[in-house]
Structure formats: structure tokens, C-alpha cells
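This is what each chain is made of:
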Amino acid sequence: MSASEIFERVPRFLRSFYFLAGVAFLAWMFLFDANDFVKQYDMYAKWQELNNDKEYYLREIDKVKKDRAELLSSPELLEKFAREKYIMKRPGEDVFVLVPQEKE
């Protein structure tokens, strides 16, 4: 079987210039282009991750704003917060910090 016989067995539309140019263009776009599908998928995954992070940080900002409003409204809550978070004390007062023992 010669090359011309094999070439003749291929359907005519598969041998057309436009089909071959289209296949070459699609191969270039899918595999070799700077914005190929692998990079597009990676960028989409990164975008989803950043959106999730954005939602998390927006929730945290709301939580902090709520805590701040509560703290600024009451001196007792402000003192409680300072004692618990920053281990502050009044003059002449001793503070004991109890740390749970880690399991081995």
C-alpha cells in the first residue's frame, strides 16, 4: 500500500485545508497557547479559593466590628476582655494563668 493509496482512503473533508487549519488552530489553543485550558482551570480554581477567603474575612470583619461595638459600649466588658485576652491586671493583683496539660 503506497502513501497515495492511504491518502485517497481518507475522507475528502478530512483532507481539506480548512479542516486541517481548524484542527491545528484548536490544538494550538488547547495545548500551546499562553492561556491554554490547564492555566484557565488553575486560574479558575485560584479565583474560587480567593472568593472563599474573601467571604471568610468578611465574616471575621463583621464579628470583630460586633465585638468592638460591645466593648466600647460597656466598661465592664472592656475590662473582662482585657483580662481574658491580654492577661491584664489591676495594681496589686496577682494573675495565675492555667494552661491545660498536653497529652503525650
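A few points on the structure. What you are looking at is a predicted structure, and each value in this text was computed from that prediction instead of being measured.

The rules behind each value
Residues numbered from 1 in each chain as written. Predicted model: local features only at pLDDT ≥ 70, side-chain atom pairs only at ≥ 80, totals over all residues. Heavy atoms only, no water. Helix = DSSP H or I, 4+ residues; strand = E, 2+ residues; numbered from the N terminus. Rg over C-alpha atoms; globule rule 2.2 N^0.38 Å. Buried < 20%, exposed > 50% of the residue type's maximum accessible area, 1.4 Å probe, protein only. Lys, Arg positive; Asp, Glu negative; His and termini not counted. Salt bridge = Lys/Arg side-chain N within 4 Å of Asp/Glu carboxyl O. Contact = heavy atoms within 4.5 Å. Phe/Tyr/Trp six-rings, centres within 6.5 Å; stacked < 30°, edge-to-face > 60°.

## What about the overall build of the protein chain?
Line of reasoning, step 1. When helices and strands are counted, the protein chain shows five helices and zero strands.
Line of reasoning, step 2. In sequence order, the secondary structure elements of the protein chain are arranged as α-α-α-α-α.
Line of reasoning, step 3. Here the C-alpha radius of gyration of the protein chain, 34 Å, is well above what a compact globule of 104 residues would show, namely 13 Å.
Line of reasoning, step 4. Judged by the C-alpha coordinates and their principal axes, the protein chain covers about 105 × 40 × 20 Å.
Line of reasoning, step 5. When the 104 residues of the protein chain are sorted by exposure, 4% land in the buried category.

## Focus: the side chain of D36
Line of reasoning, step 1. Assignment of secondary structure puts D36 in the loop between α3 (17–32) and α4 (37–73).
Line of reasoning, step 2. Summary of buried charges: D36 has no salt-bridge partner, and the nearest side chain of opposite charge, K39, is 4.9 Å away.
Line of reasoning, step 3. Non-local contacts of D36, meaning those with residues more than four positions away in its chain, are made with M29, F30 and L31.

## Some thoughts on the packing of aromatic side chains
Line of reasoning, step 1. Counting across every chain of the model gives six aromatic pairs.
Line of reasoning, step 2. Consider the rings of Y56 and Y57, whose centres lie 5.1 Å apart with planes at 65°: the pair is edge-to-face.
Line of reasoning, step 3. Given a relative accessible area of 39%, Y56 falls into the partly exposed group.

## A word on the environment of F19
Line of reasoning, step 1. Considering the arrangement of structural elements, one finds F19 in helix α3.
Line of reasoning, step 2. With near-sequence residues (within four places) excluded, F19 lies in contact with F13 and L14.

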